[in-house]
Amino acid sequence: MAIDKDPHDDRVLESLVGRSISAEDHLLACEPCRSERNLLAASIRAFSDSARETSDHPTHFWTRQAAQIHSRISSTRSSGMGFRYRMTSALAALAIAALLLLQRAPVPRPEPQAVTGSASDHELLLEVERALQRDTPAALEPVALLVEDISRTTSESAPSFSKEQSHHAN
Amino acid sequence: MENVLNDAIRTALTSNVVSIAEFDEVVRRHQKRVYRVLFLLLRNADEADSLTQECFLRAYQNIDRFRGECSVQTWLLRIAINLAKDHERNRKFSFWKRFLGFSNEEVHARAIEFPAPGPNPEQSLIERAQVQAVWDAVRELSPQQRTIFALRFVEELELSEIAVVLGLQTGSVKAQLFRSVHTVRRRLKEQQWR
């Protein structure tokens, strides 16, 4: 929107918008601007009157509007209070239920930790003792068994061979 | 008496403890002005009525936010203008809904009726034409300019008060009012030339 740059126009508008002292001084000296401002001011005043009259209503309109506002406020208030009441009751019921559940729940008994501990210690000692008594380490046990087996076989076959040998010698 | 009552309402609102009876007094005191501003912004009597009710309901629900830094009237007008803005936004959206066939809702904007002409028919006709030209010019303004124009010339609020209501700088209000008056003047000149 382009605004006229005529200084007279600006003075007229300024006098209406911001009650500018310089604009008022100008209007006192400039008759065309003064009449222009008066015309514009009168038109705006007529518009304001028209706006007030158009938006005005008989008393019963305002009474009805106020009553409706009152009833809407009352209903929100009561529904708000109802909501608060319902929430409080629900929370209270929840708290009681939680309390009852806690009371009825089986009490967890402490496990005999110390006994288990000593038993496992005893097992461990026995294991150590067994390992010490063993000739070979546990990992080499299969090999030891194989060696034992071979040596047993050899010792069993050795006398017959010697007998045979002695037989041939004879 | 007026000021005493105003102070009492203000104190009640600031303390955030307001009975419905006390709030009824606030409604009675300010409903006409709130309605008038909404009517000028929306140009629809039914919508203005409905939003006036909504404005007071919101005010009551948000009483705890009223700190007493501005007058009760300024606070209420701020709520009303924000409601009008939201309403305009929704109206644009509902236009598209209707256009796309999602809604069958009809717009029932009631035509603005001017007061009956005065005793001198010729003079009344001229005056009526002038008033019509101002109404047309006001319709041409942007929503913010229209609000400022209405608050200044219909409600006779000071520029600083308008600035508080709209959350603007006084200088900005003055600049927008200047443009609004310029538009009105242009319209009146056009009407004179016809």
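Residues numbered from 1 in each chain as written. Chains lettered and ligands numbered in written order. Predicted model: local features only at pLDDT ≥ 70, side-chain atom pairs only at ≥ 80, totals over all residues.

1. Details of the overall build of chain A
Convention followed: Secondary structure elements are taken from DSSP: a helix is a run of H or I of four residues or more, a strand is a run of E of two residues or more, and numbering for both begins at the N terminus. With C-beta atoms placed from the backbone, the exposure class of a residue follows from how many other C-beta atoms lie within 10 Å of its own: 20 or more, buried; 12 or fewer, exposed; in between, partly exposed.
When its secondary structure is counted, chain A shows 6 helices and 0 strands. When the helices and strands of chain A are listed from N to C terminus, the series reads α-α-α-α-α-α. Out of the 170 residues in chain A, the part that is buried amounts to 14%.

2. Some points on the overall build of chain B
Quick reminder of the rule: By definition, residues are in contact whenever their C-beta atoms, placed on the basis of the backbone, come within 7 Å of each other.
If you tally the helices and strands in chain B, you get 8 helices and 0 strands. Along chain B, helices (α) and strands (β) appear in the sequence α-α-α-α-α-α-α-α when read from the amino end. Here the contacts in chain B between residues at least 6 apart in sequence split such that 64% fall between residues at least 24 apart.

3. Quick notes on the packing of helix α3 (residues 31-55) of chain A against helix α2 (residues 20-42) of chain B
If you want to describe how two helices pack, look at the angle between their axes and the distance between the axes. We apply this condition: Whenever a helix is involved, its axis is fitted only over the stretch in contact; in every case the axis is a line through C-alpha atoms, and angles between N-to-C directions fall within 0 to 180 degrees. Note on angle classes: values under 35 degrees are labelled roughly parallel, values over 145 roughly antiparallel, values of 65 to 115 roughly perpendicular, and the remainder oblique. For this classification, Asp, Glu, Lys and Arg are treated as charged, while Ala, Val, Leu, Ile, Met, Phe, Trp, Tyr, Cys and Pro are nonpolar and the rest, including Gly, are polar.
Two numbers describe how α3 of chain A lies on α2 of chain B: the axes approach to 10 Å, and their chain directions differ by 110°. With respect to α2 of chain B, the axis of α3 of chain A lies roughly perpendicular. Residues Ala 51, Arg 52 and Ser 55 of chain A of α3 of chain A form the contact with α2 of chain B, whose own contacting residues are Tyr 35, Arg 36, Phe 39 and Leu 40 of chain B. Grouping the constituent residues of the contact of α3 of chain A with α2 of chain B by class yields 4 nonpolar, 1 polar and 2 charged.

4. Considerations on the confidence of the model for chain B
All names here are of chain B. Note the threshold: For every residue, the predictor assigns a confidence score, pLDDT, that lies between 0 and 100.
When pLDDT is averaged across chain B, the result is 82; 76% of the residues are at 70 or more. In the model, residues 103-111 has pLDDT below 50 throughout and makes 10 contacts with residues more than four positions away in sequence or in other chains. Across the whole predicted complex the pTM is 0.64, and at the interface the ipTM reaches 0.78.

5. Some points on α2 of chain B
For clarity, the cut-off: Expected helix span is given by 1.5 Å per residue-to-residue step, counting one fewer step than there are residues. Fitting one axis to the seven residues ending at a residue and another to the seven starting there, the bend at that residue is the angle between the two axes.
With 23 residues, α2 of chain B ought to run about 33 Å at 1.5 Å a step, yet its terminal C-alpha atoms sit only 28 Å apart, falling short of that. Its maximal kink placed at His 30 of chain B, α2 of chain B deviates by approximately 50°.

6. Points about the interface of chain B and chain A
Each partner contributes to the interface: chain B provides 40 residues, whereas chain A provides 28 residues. Put simply, the parts of the chain that give the side of chain B that touches chain A at least two residues each are α2, α3 (45-61), α5 (121-140), α6 (143-154) and α8 (170-193) of chain B. Ranked by the residues each element gives to the side of chain B that touches chain A, the list is headed by α2 of chain B, at 11 residues. Its residues assigned to classes, the side of chain B that touches chain A comprises 23 nonpolar, 7 polar and 10 charged.

7. Thoughts on the nonpolar core
Residue and element names in this part refer to chain B. Applied cut-off: Joining buried Ala, Val, Leu, Ile, Met, Phe, Trp, Tyr and Cys residues through C-beta atoms within 7 Å gives a set, and that set is a nonpolar core. Segmentation of the chain into domains, including their bounds, is taken from an automatic or database domain assignment.
Counting residues in hydrophobic clusters, the biggest one holds 56 residues, and the most contacted among them are Val 34, Val 37, Leu 38, Cys 55, Ala 80, Val 134 and Ala 150. Here this core gets 10 residues from one element, more than from any other, and that element is α2. Counting contributing residues per domain, this core is built from domain 1 (1-110) and domain 2 (114-194), each supplying no fewer than three. In this structure Cys 55 touches Val 34, Leu 76, Ile 79, Ala 80 and Leu 83, once residues within four positions along its chain are discounted.

8. Re the environment of Gly 167 of chain B
All names here are of chain B. Tracing the backbone shows Gly 167 in the loop between α7 (159-166) and α8. A residue is classified by how many C-beta atoms lie within 10 Å of it, and Gly 167, with 9 of them, is exposed. Each C-alpha atom of the pair Gly 167 and Arg 78 lies 8.6 Å from the other, and the pair is 89 residues apart in sequence.

9. Some details on the packing of α2 of chain B against α6 of chain B
Residues and elements named next belong to chain B. To keep it simple, the criterion reads: Left-handed describes a crossing whose near helix is turned anticlockwise from the far helix through less than a right angle; right-handed describes the clockwise counterpart.
Between α2 and α6, whose axes approach to 10 Å, the crossing angle comes to 140°. Of the possible angle classes, the one that applies to α2 and α6 is oblique. In this structure, α2 crosses over α6, and the sense of that crossing is right-handed. Facing Arg 36, Val 37, Leu 40 and Leu 41 of α2, the residues of α6 in contact are Pro 143, Arg 146, Thr 147, Ala 150 and Val 154. Among the residues forming the contact of α2 with α6, the class breakdown is 6 nonpolar, 1 polar and 2 charged.

10. A word on α6 of chain B
Residues and elements named next belong to chain B. In a regular helix each residue adds 1.5 Å, so 12 residues correspond to 16 Å; α6 covers 15 Å between its end C-alpha atoms and thus fits that length. Extensive coverage of α6 is indicated by the burial of 9 of its 12 residues. Among the residues making up α6, those that are buried are Arg 146, Thr 147, Ile 148, Phe 149, Ala 150, Leu 151, Arg 152, Phe 153 and Val 154. Note on α6: the residue one or two positions beyond its end, Glu 156, has a positive phi of about 55°.

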